[in-house]
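# Coordinates in review
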Amino acid sequence: MTVPPYQDDVKNNQRTNYFNSPALDVSVVFRKQRRLLLFLPAIDDLLTPEEQAIRLRVRECMEKDVAPIMAEYWDKAEFPFQIIPKLGALRIAGETIKGYGCPGLSIMANAFATAEIARVDASCSAFFLVHSSLAMLTSALCGSEAQKQKYLPSLAEFKTVACWGLTEPDYGSVASALRATATKVLAVSRVMVAWQPIGLCMGVYDMCHRYLKERKQFGAPLAAFQINQEKLVPMLGNVQAMVLIGWRLWKLYEAGKMTPGYASMGKSWITLRARETVALGRELLSGNGILSEFLVAKAFGDLEPIYTFEGTYDINALVTGREVTGIASFRPAALTQRSCL
Ligand SMILES: Cc1cc2nc3c(=O)[nH]c(=O)nc-3n(C[C@H](O)[C@H](O)[C@H](O)COP(=O)(O)OP(=O)(O)OC[C@H]3O[C@@H](n4cnc5c(N)ncnc54)[C@H](O)[C@@H]3O)c2cc1C
C-alpha cells in the first residue's frame, strides 16, 4: 500500500482531556515523578546507552505527534495515516534486519521501541508490528534475494506499508498447522507481540499514577486511599515482571535457546497479566475509566486483539503445555483416535 501525503493535524485537532488540561503529555509527569516510578531504573539497567537513546527517541515522537490525536482517531475508528512518515523518520522499521536500508537494531532496542509505541497507542504498535516484525522479518528470513531488494528498502522508509496473512476466514487457530514451516519467524514474532502489552501497561500505569495524585475526593488525593494503592501496586509489579520475562526471552533467543514453548508462555502469560493490569486501571479511574480521553479504556479495548492474535491465549498455553508434558492437546481426543483408525 502506498502512503498518502503527510498532513500535520496535531495542532489543529488537539483535543483537551483530563478536566480541560492539555492533552496527555506524560513526559511532563515523568520529569516530575521520576523518583516515584520505581520500574524505570530497573528498565534502564537492562539497556545499553544506544538502546536507551532509541527508546527515548521513540517516546518523544509518540508523546509529541501521536498522543494528542489518538483518542479522537480511536473514537472515529480511523487510522491517522499522516503519522506514517513520522514513524518512518524514526528509522526503526526493519528492526534487526541488516542491509536493504534496514537499521540493524539490537533485539532489545527493537523490543523497547515497540513497547514505547504501545505505551501511547496499541493500534500504532500493532500497525508497526505487522509491518516490521511480521511482514518485513518474514521477507528477510524467507524471501528470495530479488524480493528482498525489491521490497525491503521502501518498507524500511515506510514509503510502502506491508500486511501479513497467516489466518483465513475459516482457518484461525488451526493455522498452527502452518507453523512447523516457519517456526523461527513465529517464535520471534510471538515474543515481539508480547512487547505490545508490556508497553500498553506501562502507559496505563503512568496514567493511573498521575490520576491518583491529581484527582481529589473527600478532601484528599485518590492516592491517599489505601484501597487505591492496593490496586496500583500490583499493576507496577505486573509491569516489572512482564518486562523481565520479555527481556529474558530475548536473552534465550540470542543464546539460541528459545523454544516455541518459551515464546508461547511469554505471549500467553504477559497478555493474561496485561488484562489484569488494565482491569485494575479501569477500576482506579472509575467513570473516567470508560472514556477514551483517559487512555485506560482505549488500552482496555486495544488489548483484546493482542490477547487473540499471534495465537489466542488458549492456543499459546497449549503450545507450552505440549512442550512441558509431551502431549499435544490441540485436537479433541475422540477425533484424534478416529483419525488414527
Ligand atoms: C485485530 C486483529 C488483527 C489480526 N491481524 C491478523 C493479521 O494481520 N494476519 C493474520 O493472519 N491474522 C490476523 N488476525 C487473526 C488472528 O490471528 C486469529 O483471530 C487468531 O489466530 C484466532 O483465530 P480465530 O479468531 O479464527 O479463532 P478460532 O480459531 O475460531 O478460536 C475460537 C476459540 O476457540 C479456541 N480454540 C480454537 N482451537 C482450539 C484448540 N485446539 N484447543 C483449545 N482451544 C481452541 C480459541 O482459543 C478461541 O478461544 C487478527 C485478529 C484480530 C482480532
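Before reading further, recall that the structure is shown in the block above.
Worth saying up front: this structure is predicted, and the values here are computed from it rather than measured.

## Some points on the site of the ligand
- Taken together, the neighbourhood of the ligand is formed by 15 residues, with Leu166, Thr167, Ser173, Thr312 and Phe330 sitting nearest.
- In this structure, tryptophan 164 approaches the ligand through a main-chain N or O atom, which is 2.8 Å from a nitrogen atom.
- Measuring from an oxygen atom of the ligand, one finds a side-chain N or O atom of aspartate 314 at 3.0 Å.
- Burial of the ligand by the protein chains amounts to 54% of its free accessible area of 980 Å².
- Going through the elements one at a time, α12 (296–308) and α13 (313–325) are the ones with two or more residues in the shell around the ligand.

## Observations concerning helix α10 (residues 226–254)
- When the terminal C-alpha atoms of α10 are compared, their 43 Å separation across 29 residues agrees well with the 42 Å that a helix rising 1.5 Å per residue should span.
- Looking one or two places after α10, you find glycine 256, whose phi comes out positive at around 70 degrees.

## Looking at the packing of aromatic side chains
- This model, assessed by the stated rule, comprises eight aromatic pairs.
- Look at tyrosine 211 and phenylalanine 294: their rings are 6.0 Å apart centre to centre, the planes differ by 85 degrees, and that puts the pair in the edge-to-face class. Placement of tyrosine 211 in helix α9 (residues 183–214) and of phenylalanine 294 in the loop between α11 (260–285) and α12 is noted, with a sequence separation of 83 residues between them. Per residue, the accessibility class of tyrosine 211 equals that of phenylalanine 294, and both read buried.
- Taking the centre distance of 5.6 Å and the plane angle of 75 degrees together, the rings of tryptophan 250 and tyrosine 253 count as edge-to-face. One end of the pair is tryptophan 250 and the other is tyrosine 253, both in helix α10 and three residues apart, which spans about a single turn.
- Taking relative accessible area as the criterion, tryptophan 250 reaches 0% and is therefore assigned buried.
- Put simply, the rings of Phe79, Phe81, Phe127, Phe128 and Phe158 touch in pairs and so form one group of aromatic residues.
- Across the ring face of tyrosine 73, the terminal group of lysine 76 is positioned such that the distance to the ring centre comes to 4.4 Å.
- Here the guanidinium or amino end of arginine 275 rests over the ring plane of tyrosine 307, the centre of that ring lying 3.7 Å away.

## Focus on the pattern of salt bridges
- All told, the structure shown has 18 salt bridges when counted by the stated rule.
- The partner of glutamate 310 in a salt bridge is arginine 190, and the shortest N-O contact between them spans 3.9 Å. In this pair, glutamate 310 is assigned in the loop between α12 and α13 and arginine 190 in helix α9, connecting sequence segments 120 residues apart. Neither residue differs from the other here; glutamate 310 and arginine 190 are each classed as buried.
- With a shortest N-O distance of 3.4 Å, arginine 273 and glutamate 276 are connected by a salt bridge. Linking arginine 273 with glutamate 276, this pair stays in helix α11, spanning three residues, or about one helical turn.
- Residue glutamate 276 is classed as partly exposed on the basis of its relative accessible area, which comes to 33%.
- Bridged by salt links that share partners, the residues Arg55, Arg59, Glu63, Glu116, Arg119 and Asp206 form one connected network.

## With respect to helix α8 (residues 145–156)
- Taking 1.5 Å per residue, 12 residues should reach 16 Å; α8 reaches 16 Å between its end C-alpha atoms and fits that length.
- Inspection of α8 places Lys148, Leu152, Leu155 and Ala156 among the buried residues, and these make up the whole buried set. Projection of α8 onto a plane perpendicular to its axis shows the buried side chains occupying an angular sector of 85 degrees, all on one side. For α8, the exposed residues set more than 90 degrees away from the buried face come down to Ala146, Gln149 and Lys150.
- Taken together, the buried residues of α8 touch β2 (102–103) and α7 (122–142).
- Just beyond α8, the residue with positive phi is phenylalanine 158, at close to 60 degrees.

## Brief notes about the nonpolar core
- With 88 residues, the main nonpolar core has Ile92, Trp195, Val243 and Trp250 as its most contacted residues.
- Ignoring sequence-local partners within four residues, the contact set of tryptophan 195 consists of Met108, Ala111, Phe112, Ala115, Val243, Gly246, Trp247 and Trp250.

## Section: the environment of phenylalanine 127
- Along the polypeptide, phenylalanine 127 turns up in helix α7.
- The sequence separation of phenylalanine 127 and alanine 162 amounts to 35 residues, and the corresponding C-alpha distance is 9.2 Å.
- Beyond its immediate chain neighbours, meaning those up to four positions away, phenylalanine 127 contacts Phe79, Ile84, Leu87, Phe158 and Val161.

## A closer look at unusual backbone geometry
- Here glutamate 95, not a glycine, exhibits a phi torsion of approximately 35 degrees, which is positive.
- Locating glutamate 95 in the fold gives a position in the loop between α5 (84–89) and β1 (98–99).
- Residue classification places glutamate 95 among the buried residues on the basis of a relative accessible area of 2%.
- Non-glycine residue leucine 295 carries a positive phi angle of around 70 degrees.
- Counting through the fold element by element, leucine 295 comes out in the loop between α11 and α12.

Calculation criteria
Within any chain, residue numbers begin from 1 and follow the written order of that chain's sequence. Thresholds applied to this predicted model are a pLDDT of at least 70 for local features of residues and 80 or more for the giving and counting of side-chain atom pairs; totals over whole chains, interfaces and linings are not thresholded and use all residues. The side-chain figures draw on all heavy atoms in the structure; neither hydrogens nor water molecules are used. The rule for a residue being near a molecule or strand is that one of its heavy atoms must lie within 4 Å of it. Any N or O atom pair separated by 3.5 Å or less is treated as a polar contact, with the protein-specific requirement of one donor-capable and one acceptor-capable atom, and with residues adjacent in sequence counted only for side-chain atom pairs. Here the open area of atoms and residues is found with the Shrake-Rupley method and a 1.4 Å probe, where only the protein chains shown may cover a residue. Comment: elements are numbered from the N terminus, with helices defined as DSSP H or I runs of at least four residues and strands as E runs of at least two. Multiply 1.5 Å by the residue count of a helix minus one, and that product is the helix's expected span. Two rings from Phe, Tyr or Trp (for Trp, the six-membered ring) form a pair when their centres sit within 6.5 Å of each other. Planes less than 30 degrees apart are called stacked, planes more than 60 degrees apart edge-to-face, and all others tilted. Note on exposure labels: buried denotes an accessible area under 20% of the residue type's maximum, exposed denotes more than 50%, and partly exposed covers the range between, all computed with a 1.4 Å probe on protein chains only. A ring has a charge above it when a Lys NZ or an Arg CZ is no more than 6 Å from the ring centre and no more than 35 degrees off the ring normal. Salt-bridge detection follows one rule: a side-chain nitrogen of Lys or Arg within 4 Å of a carboxyl oxygen of Asp or Glu. By construction, the arc corresponds to the directions joining the helix axis to the C-beta atoms. A contact between two residues is defined here by any heavy atoms of the two lying within 4.5 Å. Residues belong to a common nonpolar core when they are buried Ala, Val, Leu, Ile, Met, Phe, Trp, Tyr or Cys residues joined through side-chain atoms within 4.5 Å.

All we've got here are geometric facts, nothing functional implied.
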